[in-house]
Amino acid sequence: MALEITDATFEETVLKSDKPVMVDFWAAWCGPCRMVGPIIDEISTEYEGKAVVGKVDVDANQEFAAKYGVRNIPTVLVFQNGEVVGRQVGVAQKSAYTEAIDVLL
């Protein structure tokens, strides 16, 4: 399962990570988010130890969604060294997400 990331844990978990980080900004009421969720969970398992994969519920945690201009969900951001290096808005194939991590490994 993907890591639950909140506004309180975002800086430590995402911005200070020494590994690539993939963050799924989602909400429980969002249909497309429910399609992306299982893909993110699979990637979390497959990349365990190599990358951090987590989810931010935008209804409960709006600070970093706003900071990174997340206006549509699902939005998946990829971070390296605290910087956004990839962005996928909407539903995509699993390969689109894994390739974003693979180029950083």
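Everything numeric here is computed off the predicted structure, so don't read it as measured data. (Residues numbered from 1 in each chain as written. Predicted model: local features only at pLDDT ≥ 70, side-chain atom pairs only at ≥ 80, totals over all residues. Heavy atoms only, no water.)

So, the pairing of strand β5 (residues 83-89)
As judged from the 6 bridges shared by strand β4 (residues 75-80) and β5, these two strands associate in the antiparallel manner. Paired with F79 across the strands is V84, a residue of β5. Hairpin connection, β4 to β5: the antiparallel pair is bridged by 2 residues, and N81 has positive phi, about 55°. (Pairing = 2+ DSSP bridges. Helix = DSSP H or I, 4+ residues; strand = E, 2+ residues; numbered from the N terminus.)

Some thoughts on the UniProt feature "active site" (unreviewed entry) in the chain
Following the UniProt record, the feature "active site" (unreviewed entry) maps to C30 and C33 here. With respect to the helices and strands, C30 occurs in the loop between β2 (21-26) and α2 (31-46). On the secondary structure map, C33 appears in helix α2. For C33, a relative accessible area of 3% puts it in the buried group. (UniProt positions renumbered as here; feature names shortened; annotations may be inferred. Buried < 20%, exposed > 50% of the residue type's maximum accessible area, 1.4 Å probe, protein only.)

Describing the packing of aromatic side chains
Across all of its chains, the model carries 5 aromatic pairs by this definition. Ring centres of F10 and F25 lie 6.4 Å apart, and the angle between their planes is 40°; on these two criteria the pair is classed as tilted. One end of the pair, F10, is in helix α1 (residues 7-15); the other, F25, is in strand β2, with 15 residues separating them in the sequence. On the accessibility criterion, F10 (1% relative accessible area) is buried. (Phe/Tyr/Trp six-rings, centres within 6.5 Å; stacked < 30°, edge-to-face > 60°.)

Examining the UniProt feature "site: Deprotonates C-terminal active site Cys" (unreviewed entry) in the chain
In the numbering adopted here, UniProt assigns the feature "site: Deprotonates C-terminal active site Cys" (unreviewed entry) to D24. Mapped onto the secondary structure, D24 falls in strand β2. Residue classification places D24 among the buried positions, given a relative accessible area of 1%. If sequence neighbours within four positions are ignored, D24 has contacts with V36, G37, I40, G54, K55, V56, P74, T75 and V76. (Contact = heavy atoms within 4.5 Å.)

Remarks on the nonpolar core
Residues F10, V14, V23, F25 and F79 are the most contacted members of the largest nonpolar core, which totals 18 residues. When residues of this core are traced back to their parent elements, those giving at least two are α1, β2, β3 (52-57), α3 (63-67) and β4. Of all the elements, β2 adds the most residues to this core, at 3 residues. Excluding anything up to four places from it in sequence, F25 contacts F10, V56, V58, F64, A65, V70, I73, P74, T75 and L77. Within the second largest apolar cluster, 15 residues are counted, among which are M22, V36, Y97 and L104. (Core = buried A, V, L, I, M, F, W, Y, C linked by side-chain atoms within 4.5 Å.)

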